[in-house]
Amino acid sequence: MTEILLATYNLCRYFRVAGPWRKGPVLKAVDGVNLTIRAGETLGLVGESGCGKSTLGLLLLALLAPSKGEVRFAGENLHRLPANRLKELRRRMQIIFQDPYSSLNPRMTVRRLLEEPYVIHRLGDKNERRAWVTEILAEVGLGPEHLDRYPHEFSGGQRQRLGIARALALKPELIVADEPVSALDVSIQAQILNLLIQLQNRYQLTYLFISHDLSVVSRLSNRIAVMYLGRIVELGPRAVFAQSGLHPYTTALLSAVPLPDPTRPFQPPHLQGDPPSPIHLPSGCPFHPRCPEARHLQCREEVPQLRGTTTDHWVACHLR
Amino acid sequence: MLDIHNLAVRFHTPTGLLQAVGGVSLNLKRGETLGLVGESGCGKTVTALAILRLLPCTAELSGEIRFADENLLRLSEERLRQVRGNRIAMVFQEPMTALNPVLTIGDQVAESLKLHRGLSTRQAWREAARALTPVGLPEPNRHLSQYPHQLSGGLRQRVLIAMALACAPDILIADEPTTALDVTIQSQILALLTKLKKDLGLAVLLITHNLGIVAQSADRVAVMYAGLIMETGSTIDLFQNPCHPYTQGLLASVPKLDFDQPPGGTLAGIPGQVPNLYQPPRGCFFRERCSHETPRCQEPPPWVEVEPNHRVLCWLCKNDQEFRNKSSRFK
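A brief look at the structure comes next. (Residues numbered from 1 in each chain as written. Chains lettered and ligands numbered in written order. Predicted model: local features only at pLDDT ≥ 70, side-chain atom pairs only at ≥ 80, totals over all residues. Heavy atoms only, no water.)

## Some thoughts on the pattern of salt bridges
Put simply, the rule is: Any Lys or Arg side-chain nitrogen found within 4 Å of a carboxyl oxygen on Asp or Glu counts as a salt bridge. By the criteria applied, helices consist of DSSP H or I runs no shorter than four residues and strands consist of E runs no shorter than two, each listed in order from the N terminus. Here the term buried applies to any residue with accessible area under 20% of the maximum for its type, exposed to any over 50%, and partly exposed to those in between, with areas from a 1.4 Å probe on protein chains only.
Enumeration over the complete set of coordinates arrives at 27 salt bridges over all chains. Across the salt bridge formed by Arg296(B) and Glu322(B), the nearest N and O atoms sit 3.3 Å from each other. Of this pair, Arg296(B) sits in the loop between α10 (245–253) and β11 (303–307) while Glu322(B) sits in helix α11 (residues 315–330), and the two are 26 residues apart along the sequence. The class of Glu322(B) is partly exposed, set by a relative accessible area of 30%. Connected through shared salt-bridge partners, Glu76(A), Arg85(A) and Glu88(A) make up one network.

The structure is reproduced here in structure tokens:
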């Protein structure tokens, strides 16, 4: 697991917010992200809503253009490629969306939904496509009797299976799974997570698994990145997250998860207030107004950079 | 305080009769939190709405909900209005939509005070400012003249809790109060609910799908599935000794926060899907997804008391108990 499939260099995406009369302030959704994804691994990306997780996911797949920086997939800069070459690369990367209710076209049957990737990439003839569609449907645990149904006839879990089937259709290498289970009930969530793990083992898939739920991420990921207000504040192999000396934000996130065990005392973190607005970022470390440990002047004045502490573990904090 | 006996809710829909809640019995004591857990569509919210009779007119209610020596289901509209928002208050799931966007926070918090306590607008606003302080709003007077869109999700949820508590109710029904919030904000709100319960001696009915939240903030738990309570007991008993196969499956489905184990590996999960409640299965509603199904499960399951105050609706536990009784007789 040393081959790097995807890497970003100082990746930034800024949005200009519309103001009443003129152009409004700038929102830094993703700000200077350096990240690598290794072939065959699952990289978990956690953070609270609005921290830029989904924007980062879209940038990695070239579904959104960066304001600065670059994304390299298998060594090629995605945002400098001619359209036909980019289309070829797109076969190798796919996305699973959060909401299985709105990410499937309600006017297309399952057959057409799953055939579409092959049509777009001009693969196979009619008969081959039919065979492939049935095969891929079986892969996600649905039968051929579902082929002529419409998305509304399926439950949430089944729809997410369709979303996975569609992402899988072209046999990609990288799948960005953007909150694939957060709209599902726990018992269905477990089924879908199992399916994702199974498929990864069978096809050596690489996942970027985006979620706000640390328990789910801890279940699947080899490495985990924690994001806060557009920046990666911590990145490391899973084992690191069981130890101490983590970024104060990561520590807070971990202790905020209510565990399904009444004998373990719940000690929620003493975080002050809400995350600040990404339009008016605080000076210095973006986390310092809520950080229980920020006492130094440096925290208020200087933006901490991601630094390596031990092998493979990176933290953006002045105190670590 | 509140005693629900055999509550059933049926909806008349164009597709037919839908039994959303099929005979639920619960009781709520002063100063305790009862967690009502279940997956979406299991009837948790319908149960809560039935308590305050907030369901649409297509709903047909039966059973009994006893509160302060009266049956809420039999109460006149006028008498019910004196209970709603005054003695039993509710916090809704979506803090974004539960507040009226065109009224200020002050107007909305003051409304129930004017209605139930007969205060003048000025007095009600003064009371409203006082109500906002215990829920942790930093500057109550400034927030009173703000509109909901000017507040974050966490602050809006605090306003909703303040609104519910403004008239000092006896019972607070919290329907998924933290589902729309981030974990760090969620833990703030849960800590707040626990503190208020202690300080005010409230009885809280906490409805959620999150087993972690129940484990950490409820004293007793009722597990609901397809409109029925499947298992109920104290939080410790239920989590340490889950007896119903559904509860066991549910607990096994929750991914643990664990970084020591290697990633991957399968979660236990529960196969299949929730039954169609237009045509509920015969006998036990969980039968089709259950790995311990026996021929006896074709009949409606009985209530079995496995420990004091720990009851399960399952044939399996009945069989166990009968077996144990028999074998003890032989000894």
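Additional details are given in the paragraphs that follow.
## Brief notes about the environment of Lys197(B)
Residue and element names in this part refer to chain B. Residue position: Lys197 is located in helix α7 (residues 183–200). The exposure class of Lys197 is buried, given its relative accessible area of 8%. On a C-alpha basis, the gap between Lys197 and Gly31 in space is 6.2 Å, while along the polypeptide they are 166 residues apart.

## Some points on the interface of chain A and chain B
You'll often see interface size given as the accessible area lost when the parts meet. This is how the line gets drawn: Residue contacts are defined here by distance: any two heavy atoms, one from each residue, within 4.5 Å place the two residues in contact. Buried area, as used here, totals the accessible surface that two parts lose on assembly, with accessibility defined by a 1.4 Å probe and the loss added over both.
Contact residues are listed per partner, giving 47 residues for chain A and 45 residues for chain B. Summing both partners gives a buried area of about 3,900 Å² for chain A against chain B, and 59% of it is carried by carbon and sulfur. When the area that chain A buries against chain B is broken down by residue, the three leading residues are Arg219(A), Pro260(A) and Pro262(A), summing to 17%. Seen at the junction of chain A and chain B, the total is zero salt bridges.

## Considering the pairing of strand β6 (residues 88–91) of chain B
All names here are of chain B. The test is simple: A pair of strands is treated as paired once DSSP finds two or more bridges between them.
Residues Ile88 and Met90 point to one face of β6 and Ala89 and Val91 to the other, with burial holding for every one of them. In this sheet, strand β7 (residues 171–175) lies alongside β6 in parallel orientation, the contact comprising four bridges. Each bridged residue has a counterpart across the sheet, and for Ile88 the counterpart in β7 is Ile171.

## Focus: the sheet that holds strand β4 (residues 68–73) of chain A
Remark on secondary structure: sheet strands pair via backbone hydrogen bonds, oriented parallel or antiparallel. All names here are of chain A. For clarity, the threshold we go by: In this analysis an axis means a line fitted to C-alpha atoms, helices contributing only their contacting stretch, and an angle means the value between N-to-C directions, from 0 to 180 degrees.
What the four strands build is an open sheet, ordered β2-β1-β4-β5; its pairing is antiparallel. Bordering the open sheet on either side are β2 (23–38) and β5 (76–77), each of which pairs with just one other strand. Note: strand β1 (residues 4–18) against β2, ten bridges, orientation antiparallel. Its bridge partner being in β2, Leu11 is matched across the sheet by Val33. With respect to the sheet, helix α1 (residues 53–60) is in contact with β1, β2 and β4, its orientation differing from that of β1 by roughly 120°.

## Overview of the packing of aromatic side chains
Geometrically, a pair of aromatic rings is defined through the distance of the ring centres and the angle of the planes. All names here are of chain A. Note the following rule: Pairing of aromatic rings covers Phe, Tyr and Trp, the last counted by its six-membered ring, and requires centre-to-centre distances within 6.5 Å; plane angles under 30 degrees mean stacked, over 60 mean edge-to-face, and any other angle means tilted.
Applying the stated criterion across every chain, the model contains eight aromatic pairs over all chains. With a centroid separation of 5.2 Å and an interplanar angle of 85°, the aromatic rings of Tyr228 and Phe287 are classed as edge-to-face. Taken together, the residues span a long stretch of sequence, with Tyr228 in strand β9 (residues 223–228) and Phe287 in the loop between α8 (248–256) and α9 (297–301) at a distance of 59 residues. Exposure remark for Tyr228: the relative accessible area of 2% places this residue in the buried category.

## Regarding helix α5 (residues 156–168) of chain A
All names here are of chain A. Convention followed: One less than the residue count of a helix, multiplied by 1.5 Å, gives the span that helix is expected to have.
With 13 residues, α5 ought to run about 18 Å at 1.5 Å a step, and its terminal C-alpha atoms sit 18 Å apart, in line with that. Within α5, twelve of the 13 residues are buried, leaving the element largely enclosed by the surrounding structure. Regarding α5, the residues found buried are Gly156, Gly157, Gln158, Arg159, Gln160, Arg161, Leu162, Gly163, Ile164, Ala165, Ala167 and Leu168.

## Some words on α8(A)
The element α8(A) is largely enclosed, with a buried count of seven among its nine residues. Every buried residue of α8(A) is listed here: Pro248(A), Tyr249(A), Thr250(A), Ala252(A), Leu253(A), Leu254(A) and Ala256(A). Buried-residue contacts for α8(A) involve α7 (214–220), β9 and β10 (231–237) of chain A together with α7 of chain B.

## Observations concerning the environment of Glu60(B)
Residue and element names in this part refer to chain B. Under the convention used in this document: Nitrogen and oxygen atoms within 3.5 Å of one another constitute a polar contact, given that in protein one can donate a hydrogen and the other can accept it, and given that sequence-neighbouring residues count only through two side-chain atoms.
On the secondary structure map, Glu60 appears in strand β4 (residues 59–67). Along the sequence, Glu60 and Gln19 sit 41 residues apart, while their C-alpha atoms lie 9.4 Å from each other. Excluding its chain neighbours within four sequence positions, the residues that come into contact with Glu60 are Ala8, Val9, Arg10 and His12. There is a polar contact of 2.9 Å between the side chain of Glu60 and the side chain of His12.

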